[in-house]
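Fold and contact review
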Amino acid sequence: MTVTGLTVGIIANPISARDIRRVIAKGANLQLTDRANMVLRILTGLAQGGIEHVVMMPERAGLRTHIERGLHQASLDSFRMPDVRWLSMPVSSTAQDTLDASHAMRELGVSAIVVLGGDGTHRLVVKACGNIPISGVSSGTNNAFPPLTEPTITGIATGLAVSGRIPPSQAFEANKLLEVRVNNTRDIALVDAAIVQERFVGARAVWRPESLRELFVTFADPSLIGLSSIAGLIQPIARKAPVGMHLTFTRPQEALYSVNAPLAPGLLTPVHIEHSQLFEPDLLITPVSQQGSFALDGERELPFGPDDKVSVTLKHDAFNTVDVPRCMTFAAEHGLLRFPSTHTTTTLRRNS
């Protein structure tokens, strides 16, 4: 496949948001038709923002059928939508599809990737997309990384950003991430890297506070759900602040203080903090724990033991996202979405 002109990629993996936290808490699963409607809203916005070509990740759950039905209806209604093509790639119906699609879109040279998913999906895209900016659309109830934005508006902002109608200094925002190393294995986390006591992966999602040993976060927002909310309830850290936070946990009787943290929707759990401190970018931090597993953005990924070389580093300006609010403000202030009226207007005079 080759792309011509401005092309945006869309990744919407139907297998995302199916972890154990939705079983033990009160999180919602996004239905397939809801995902398809969100993608159609993104496409509508991209068309408004000037994008004519889109490539999408293939899947086997039926998302494509719903989207193509919506595109057909739009054509019958003479409603302009981008030309949508689907990547030619094997489909495994796993998270690997997200990585493969991101690599493929990078090779095609798309101008941006719109990601429909949660922290984990966005993390995989950032791992594979290189320097391509991403636009995040949250598809769940316990996501911290993608700020909540309406899909239509995200599409408009993305189109305006990559078309050059908005200066890059206004269109894009630099983001932090955590670089985690176990010996020669490198991985990343966009929001939080937790160390849990179990060395097996098992049910990947982390939701049992008694298993937590340490936590590293890039930002800490007390209004969000998930592991990073623990740090947020102690000391809020803005997404743009050039620092992260490191916490260690202990038993209740030895804790410096405790918080009731919303680790999942509707799940408030006491967590007992032994120590917390801020840390700056590019510092190589060695965890206190001698063994366990790293959970990256909520899912166990990397086990380690006493003989392993382990480190965590905060990386500033690590990847770019489309700054949707700033793009829309710029568009409004500079009249990018205005057009002359085709109707005759009549001026009404007020009676004095």
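For the structure given in this document, a descriptive report is provided here. (Residues numbered from 1 in each chain as written. Predicted model: local features only at pLDDT ≥ 70, side-chain atom pairs only at ≥ 80, totals over all residues. Heavy atoms only, no water.)

1. Description of the environment of Phe172
Mapped onto the elements, Phe172 comes out in strand S6 (residues 172-182). Discounting residues that sit within four places of it in the chain, Phe172 has contacts with Pro133, Ala161, Asn320, Thr321, Val322, Asp323 and Arg326. (Helix = DSSP H or I, 4+ residues; strand = E, 2+ residues; numbered from the N terminus. Contact = heavy atoms within 4.5 Å.)

2. Describing the packing of aromatic side chains
Two numbers describe a pair of aromatic rings. These are the distance of the centres and the angle of the planes. Tallying each qualifying case throughout the model produces three aromatic pairs. When the centroid spacing of 5.8 Å and the interplanar angle of 45° are considered together, the rings of Phe145 and Phe319 count as tilted. Of the two residues, Phe145 is situated in the loop between strand S5 (134-138) and helix H6 (151-162) and Phe319 in strand S15 (residues 310-322); the sequence distance between them amounts to 174 residues. Each of the two residues, Phe145 as well as Phe319, counts as buried. Ring centres 5.3 Å apart and planes at 40° place the aromatic pair Phe294 and Phe304 in the tilted group. Of this pair, Phe294 sits in strand S13 (residues 292-296) while Phe304 sits in strand S14 (residues 299-304), and the two are 10 residues apart along the sequence. Residues Phe294 and Phe304 agree in their burial class; the two are buried. (Phe/Tyr/Trp six-rings, centres within 6.5 Å; stacked < 30°, edge-to-face > 60°. Buried < 20%, exposed > 50% of the residue type's maximum accessible area, 1.4 Å probe, protein only.)

3. Overview of the pattern of salt bridges
The full count for this structure, using the stated rule, is 12 salt bridges. Between Asp187 and Lys127 there is a salt bridge, and its shortest N-O distance comes to 3.3 Å. Within this pair, whereas Asp187 is found in strand S7 (residues 185-189), its partner Lys127 is found in helix H5 (residues 119-128), the two being separated by 60 residues in sequence. Judged by its relative accessible area of 7%, Asp187 is buried. For the salt bridge of Glu173 with Lys240, the shortest nitrogen-to-oxygen distance reads 3.9 Å. Pair noted here: Glu173 is in strand S6 and Lys240 is in the loop between helix H8 (228-234) and strand S10 (244-249), with a separation of 67 residues, a long-range link. Glu173 gets classed as buried once you look at its relative accessible area, which sits at 17%. (Salt bridge = Lys/Arg side-chain N within 4 Å of Asp/Glu carboxyl O.)

4. Focus on the layout of surface pockets
Estimates place the volume of the second largest pocket at around 280 Å³. Around the second largest pocket, the lining comprises 20 residues; the ones closest to its centre are Pro147, Glu173, Asn175, Thr321 and Val322. Where the lining of the second largest pocket is concerned, the elements lending two or more residues are S5, S6, S15 and helix H9 (324-333). Tallied by class, residues from the lining of the second largest pocket come to nine nonpolar, seven polar and four charged. (1 Å grid on protein atoms, 1.4 Å probe; cavity = no way out; pocket = protein on both sides within 12 Å on 5 of 7 lines; lining within 4 Å. Points joined across faces, edges and corners; volume = space filled by probe spheres on them. Nonpolar A, V, L, I, M, F, W, Y, C, P; charged D, E, K, R; others polar.)

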